[in-house]
Every structure is written in C-alpha cells, then in structure tokens.
Amino acid sequence: MADALGVTLDYLVKDGQYQDIDQDALERLKLIERLPQDERLHLFATMDAFFAKNKLLALLK
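Starting from 1, residues in each chain are numbered consecutively following that chain's sequence as written. Since the coordinates come from a predicted model, pLDDT governs what is reported: local features require at least 70, and pairs of side-chain atoms require 80 or more to be given and counted, while whole-chain, interface and lining totals use all residues. By convention in this description, side-chain values take in all heavy atoms of the structure and omit both hydrogens and water.

Student: Outline the overall build of the chain, supporting the account with residue identities and numerical values.
Tutor: Within the chain one finds four helices and zero strands. The secondary structure listing takes helices from DSSP runs of H or I that are at least 4 residues long and strands from runs of E that are at least 2 residues long, numbered from the N terminus. Element order for the chain, N to C, with α for helix and β for strand: α-α-α-α. Here the chain holds 61 residues, and 8% of them are scored as buried. Each residue gets one of three labels from its accessible area relative to the maximum for its type: buried under 20%, exposed over 50%, partly exposed in between, using a 1.4 Å probe on protein chains only.

Student: Can you lay out the pattern of salt bridges for me, pointing to particular residues and giving the numbers?
Tutor: Salt bridge, as used here, is a side-chain nitrogen of Lys or Arg placed within 4 Å of a carboxyl oxygen of Asp or Glu. In the structure shown here, the tally under the stated rule is one salt bridge. For the salt bridge of Glu 27 with Lys 30, the shortest nitrogen-to-oxygen distance reads 3.5 Å. Of this pair, Glu 27 and Lys 30 both sit in helix H3 (residues 23–34), three residues apart, which is roughly one turn of that helix. Look at Glu 27 and you get partly exposed, because its relative accessible area is 40%.

Student: Now, about a nonpolar patch on the surface: what can you tell me, with residues and values included?
Tutor: Patches draw on residues past 30% relative accessible area with no salt bridge. Two like charges within 9 Å are joined, as are two nonpolar side chains (Val, Leu, Ile, Met, Phe, Trp, Tyr) within 5 Å. Surface accessibility follows the Shrake-Rupley procedure with a 1.4 Å probe radius. Residue values consider only the protein chains on display as shielding. Among the surface-exposed residues, Leu 56, Leu 57, Leu 59 and Leu 60 lie close enough to one another that they form a single nonpolar patch of about 460 Å² accessible area. Here Leu 57 lies in helix H4 (residues 37–60). Given a relative accessible area of 42%, Leu 57 falls into the partly exposed group.

Student: Quick rundown of the side chain of Arg 40? Include the residues and the values.
Tutor: When you line up the elements, Arg 40 lands in helix H4. Charged residues are defined narrowly, with Lys and Arg counted positive, Asp and Glu counted negative, and His plus the chain ends left uncounted. Buried charge without a salt bridge: Arg 40, with Glu 33 as the nearest opposite-charge side chain at an N-O distance of 8.1 Å.

By themselves these figures say nothing about function.
Pasting the structure below:
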C-alpha cells in the first residue's frame, strides 16, 4: 500500500495510529496491491469520492 501511495510505511502507521486495523482491511489492502495500476487508480478515485462526500456531510452538520 505504501508503494502504491508513494509514501513510506512509517508515514502510513505514524504514531501507531493504525495498529488496531482489522484483518479484513489488511487483506483488502493486500488485494489492492495486486491490481493493475489502472484498476487501482479507479478504485482510489471511487474511495476518494466517498471520503469527500463524508467530509462534506460532516461540515454541513
């Protein structure tokens, strides 16, 4: 995942923030790493849309 995002592993797990991440999420990250680059980009674009929507909804509350 770090390679796919172009960051270091330290950046991803800064301050143990993700030490309690569940196994299902880790397995999905491993599967994402195996996808072709174009499919990863589509998946990330979809995820980004959901993240943006949730941020916007939080701001409107």
